[in-house]
Amino acid sequence: MKSKVSSHNGQQKFPQTHVHSLLNDNLLVCIRLWSGPEVEQKAVDEILRYLSAADADLEVTTPFDYIESLSSLANKVRVALLLANEALYIDNKEKYSQGFEIAICYKHNKEISLGSVGRFAFTAEKKDKKFLMFESGGFLDDLVLLPTDLLGIEREVDIKCTSVSTRDLSSIQISSKFDQNTYWSTTVSQFD
């Protein structure tokens, strides 16, 4: 997978969104930090560790239950986000100092799983038709500048996940909006 980032800050100043391409370009992790940079690598490492182990061992164990309505791959992305949240939440117990928004795009075989916490929307294009897969973040995100959901702040976190077949898939756009304006987006393509 390849990604191309577009940034449109407009009148508001938002933290920069960092994009990490991992696992031979099969994993894309987009992180928008609302704290210091030290948390970024820890989160990426936790996600990478779990997804690498899940790829190598089909029977990898997890302290979190799978959700039956999600595909196996989407559940793996969800668990990776939960593990990253748990690791950072433990560091934040005494003082909330590390929080971030995150979006993941993970390809395995002929399936792509998407997951996020924070202000992200996922739009797919298949056969020249675009459709919104899902949008994360609360309705308050349009009313307040700060996000209503961050990873690492609360033990319980609202994670949105889904998956899509790569068949006839042209692109996936991951974007963030505030006040009906897009201020950041990346287009993911080349799913061969």
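Note: the structure precedes this text.
Read on for an overview of the structure. What you see is a predicted model; the values in this text were computed from it and never measured.

**A short note on the sheet that holds strand β7 (residues 129-135)**
In a beta sheet, neighbouring strands pair by backbone hydrogen bonds and run either parallel or antiparallel. Pairing within the open sheet is antiparallel, and its five strands lie in the order β1-β10-β9-β6-β7. Edge positions in the sheet fall to β1 (2-7) and β7, since each has one partner strand and no second. Looking at each pair of strands side by side, their axes are set apart by 20 degrees on average, direction ignored. Taken together, the seven bridges between strand β9 (residues 169-178) and strand β10 (residues 181-189) define a ladder with antiparallel strand orientation. Counted as the bridge partner of Gln173 is Thr187 from β10.

**What to know about the environment of Ser165**
Looking at the secondary structure, you find Ser165 in strand β8 (residues 160-165). Residue Ser165 is classed as partly exposed on the basis of its relative accessible area of 34%. Through-space distance from the C-alpha of Ser165 to that of Asn109 is 9.3 Å; in sequence the pair is 56 residues apart. Not counting residues up to four positions away in its chain, the partners in contact with Ser165 are Lys110 and Lys126. At 3.1 Å, the side chain of Ser165 and the backbone nitrogen of Arg167 are in polar contact.

**Considering the sheet that holds strand β2 (residues 17-22)**
Strand order in the open sheet made by the five strands is β2-β3-β4-β5-β8, with antiparallel pairing throughout. Each of the sheet's edge strands pairs with one partner strand only, and the pair in question is β2 and β8. Pairs of neighbouring strands in the sheet enclose a mean axial angle of 10 degrees, with direction left out of account. With six bridges connecting them, β2 and strand β3 (residues 27-33) associate as antiparallel partners. Bridge pairing links His20 to Val29 in β3. Sheet strands in contact with helix α1 (residues 38-56) are β2, β3 and β4 (100-108), and its direction is about 155 degrees off that of β3. Contacts between helix α2 (residues 72-92) and the sheet are confined to β4, β5 (111-117) and β8, with β5 contributing the most and set at about 30 degrees to the helix.

Rules of the game
Within any chain, residue numbers begin from 1 and follow the written order of that chain's sequence. Selection of residues for local features in this predicted model requires a pLDDT of at least 70, selection of side-chain atom pairs for listing and counting requires 80 or more, and totals for whole chains, interfaces and linings are taken over all residues. In computing side-chain values, all of the structure's heavy atoms are included and hydrogens and water are not. Each pair of strands is called paired provided DSSP finds at least two bridges between the two strands. Runs of H or I in DSSP of at least four residues are treated as helices and runs of E of at least two as strands, each being numbered from the N terminus. Comment: axis = line fitted to C-alpha atoms, over the contacting stretch for helices; angle = value between 0 and 180 degrees taken between N-to-C directions. Exposure categories follow from relative accessible area, calculated using a 1.4 Å probe and restricted to protein chains: below 20% of the type maximum is buried, above 50% is exposed, and the middle band is partly exposed. Contacts are residue-level and defined by heavy atoms, with any inter-residue pair within 4.5 Å sufficient. For the purposes of these results, a polar contact is taken to be a pair of N or O atoms within 3.5 Å, where, inside protein, one atom must be able to donate a hydrogen and its partner to accept one; residues adjacent in sequence count only when each atom of the pair is a side-chain atom.

So far we have only geometry, and geometry alone does not tell us how the molecule works.
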